[in-house]
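If you want the building blocks of each chain, they are given just below.
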Amino acid sequence: MVTGASAQYVTSPVARKRWRGRSIVSLLLFVLATILTPAAVVGHWGHTTITDTEAYLETVGPLAENPEVQAAIGAVVTDAVIQQVDAQSLVGGFLTELLPNDTLAEALTGPLSSGVNQVIAGAVQRFMTSDAFQTAWYALNTAAQRSLIAALEGDPEGVVQIKRPDVVLDISSLLEVIQKALVDQGIDVAAKVKVPEIDRQIVVMSSPAFDQLRTIWAFTNPLLSFILFIVALLFTLSVLLATRRARTTVAVGAVVFIIGVVLQLSLSWAEGQFQNAFAGTIFEAASIAFFQTFLSFLIEGLLSMMLLGVILVIVGWFAGRTDSALRTRAALVRGYADMASRLPEWAAAVGRPMRDYAPFVRWGLLFLWVIAVFTAAGFRFESTLGWTVLFLGLLTIAEILMYAPDDRALEIRQS
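Not measured: the values here are computed from a predicted model. (Residues numbered from 1 in each chain as written. Predicted model: local features only at pLDDT ≥ 70, side-chain atom pairs only at ≥ 80, totals over all residues. Heavy atoms only, no water.)

Participant: Before we go on, may I ask you to explain the overall build of the protein chain in this structure?
Facilitator: Scanning the protein chain from N- to C-terminus turns up 18 helices and 3 strands. Looking at the protein chain as a whole, 37% of its 415 residues are labelled buried. Partitioning the intrachain contacts of the protein chain with sequence separation of at least 6 by distance along the chain shows that 78% fall at a separation of at least 24. Of the accessible surface of the protein chain, which amounts to about 23400 Å², a share of 65% is contributed by carbon and sulfur atoms. (Helix = DSSP H or I, 4+ residues; strand = E, 2+ residues; numbered from the N terminus. Buried < 20%, exposed > 50% of the residue type's maximum accessible area, 1.4 Å probe, protein only. Contact = heavy atoms within 4.5 Å. Areas by Shrake-Rupley, 256 points an atom, 1.4 Å probe, with all protein chains shown as cover.)

Participant: Help me out: how do you make sense of the nonpolar core in this one?
Facilitator: General note: in soluble globular proteins, nonpolar side chains tend to be found buried as a group. Formed by 83 residues in total, the largest nonpolar core has its most connected members in Ile 73, Phe 133, Trp 137, Leu 174, Ile 178 and Phe 235. If one sorts the elements of this core by residue count, helix α6 (residues 131–152) sits on top with 9 residues. (Core = buried A, V, L, I, M, F, W, Y, C linked by side-chain atoms within 4.5 Å.)

Participant: Before we go on, may I ask you to explain the pattern of salt bridges in this structure?
Facilitator: Side chains bearing opposite charge may pair, as long as their charged atoms lie close to each other. Inspection of every chain in the model, using the stated rule, returns 2 salt bridges. Across the pair Asp 338 and Arg 342 runs a salt bridge, and its minimum N-O distance is 3.0 Å. Residue classification places Arg 342 among the exposed positions, given a relative accessible area of 64%. In this structure, Arg 362 and Glu 399 form a salt bridge, with 2.5 Å as the shortest nitrogen-oxygen distance. You can see Arg 362 sitting in helix α16 (residues 358–374) and its partner Glu 399 sitting in helix α17 (residues 381–402), a full 37 residues away along the chain. (Salt bridge = Lys/Arg side-chain N within 4 Å of Asp/Glu carboxyl O.)

Participant: How do you make sense of helix α10 (residues 227–241) when you look at a structure like this?
Facilitator: Three- or four-residue spacings in an α-helix give side chains the same orientation, since the helix completes a turn every 3.6 residues. The end-to-end C-alpha separation of α10 is 21 Å, in line with the 21 Å expected for 15 residues at 1.5 Å each. Those residues of α10 that sit buried are Ile 227, Leu 228, Val 231, Ala 232, Leu 234, Phe 235, Ser 238 and Val 239. In a view along the axis of α10, the buried residues occupy a sector of 155°, so they form one face of it. (Expected span 1.5 Å × (residues − 1). Arc of directions from axis to C-beta.)

Participant: Would you mind showing me how to read the side chain of Glu 399 here?
Facilitator: Take Glu 399: its relative accessible area is 8%, and that puts it in the buried class. If we skip the residues at most four places from it in the chain, Glu 399 touches Tyr 336 and Arg 362.

Participant: I would appreciate a short explanation of the packing of aromatic side chains in the present structure.
Facilitator: The geometry of an aromatic ring pair is captured by the separation of the ring centres together with the interplanar angle, meaning the angle of the planes. What the rule picks out here adds up to 5 aromatic pairs. Ring plane angle 70° and centroid distance 5.9 Å describe the contact between Phe 30 and Phe 235, whose orientation is recorded as edge-to-face. In this pair, Phe 30 sits in helix α1 (residues 4–49) while Phe 235 sits in helix α10, placing the two residues 205 residues apart along the sequence. For the residue pair Phe 30 and Phe 235, the accessibility class agrees, reading buried in each case. (Phe/Tyr/Trp six-rings, centres within 6.5 Å; stacked < 30°, edge-to-face > 60°.)

As C-alpha cells, then:
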C-alpha cells in the first residue's frame, strides 16, 4: 500500500500531464486570439461603418457642415466658374468701349473684375451653407457607399472607380448640383462651366492597396459581424483552461491594451500619409477632417479596447495571490460584511441561494458584461464604460447580499 509522499508521487505525473495539456491548449488559444485581434478590430469597424448605409451616413454626414470640406468643394467650383467667366477680360473690354480714357479703363478693370469674382464666390458660399448642399452631400455619399461595396465585390462602377494606380471618388454629381444652384442665383455662365477631371476626382487609396483590401474582404466578410465576439471567446477559453487564471487574465489585458496602443499609433501614421497625398491641393485641409471623421468610430473602438485591457489587468491582479491583492480582497470582504450586517431580514433569503452558487453568479455577471460590451455597447468608449460601471455595481450588490446575516445558516453551523 502506498501512502503519504509516495502516493503523491504516484498520482502527480498524471495530474501534471493533464494540467500540461490544458496549459498548451490555453497558450494556443491565447496566441490565436492575439493574432486575430488587430484584424478583428479593424474588420469590425469596416463592417459596422462601411457596409451599413445608415451607419456610414451617420459617420460622414456631419462633414457637410465642416468648414474645411465646404471651403474645398466651394473652391473647386468657384475657380472653375471664375476661369470660365474671365471677369478681367470681360470688364476690361466693356470699360474700353465705354470710356474714352484707356488709363482710366485700366485702373477700373481690376477693382470691378475683383467685385465680379467676389459675387461668384459669395453665391457659391451661400449654397455651401444651405440645406440643399447637405441634401446633395448625403446623396453623393449614399451612392459612394453602395459603389464602394460593389467595388469590393468585384464590380467597380458608380462614383467609386478604379483608375490605376489609384481608386478615386468622382464628385461630379455634387458639382453639378452646385452649378445648377449658381444658375438659379442668376449666374448663367455657371451652366457652361466644365470642371477639370483632376478636380472632380478625389484619390481614396492606391489600387494595389484596394486589391489587397478586396481579397481580405472576400475571406472575412462572412465573419465580420461577430468576429470580435469570437476573439473574446478565445481569450475567455484561454483564461478558463489556464493553470494560473489570474496571471493569464493580466496577460490578456496587457496584450489587448498594447494592441490598442499600436493600432492607435498606426492610425496616426496613416493620417500623415493620407494628408501627404493631398498636400498642395485644394482638398489638403478637408482631407484631415474627412480622415478623422471617417475613422472616428475606429478611434473610439481603440479607446474602448485600451479601457478593456486596463480593466482585465486590474481584474487579474485582484484575483491573484500577491500580498497587495490579498489585502485588497480582505478589505473588501470586511466592507461587504459591514454593509450586509445592516440589511433587513429579507436580504438573507435573497442572499442565501446566491451564496450557495457564488461562482455561477460571478461568472454569469462577467459573461453578461462581455456580451453587453461586444453587442449592446457597440464597442463605443462611453457605452463600454457605462456597462462596466453597471457590472461593477451589480457585482457589488450581489456580494453584499451574499454576506447578509443568515440566522438559519448560523443555527445549522451551531448544531
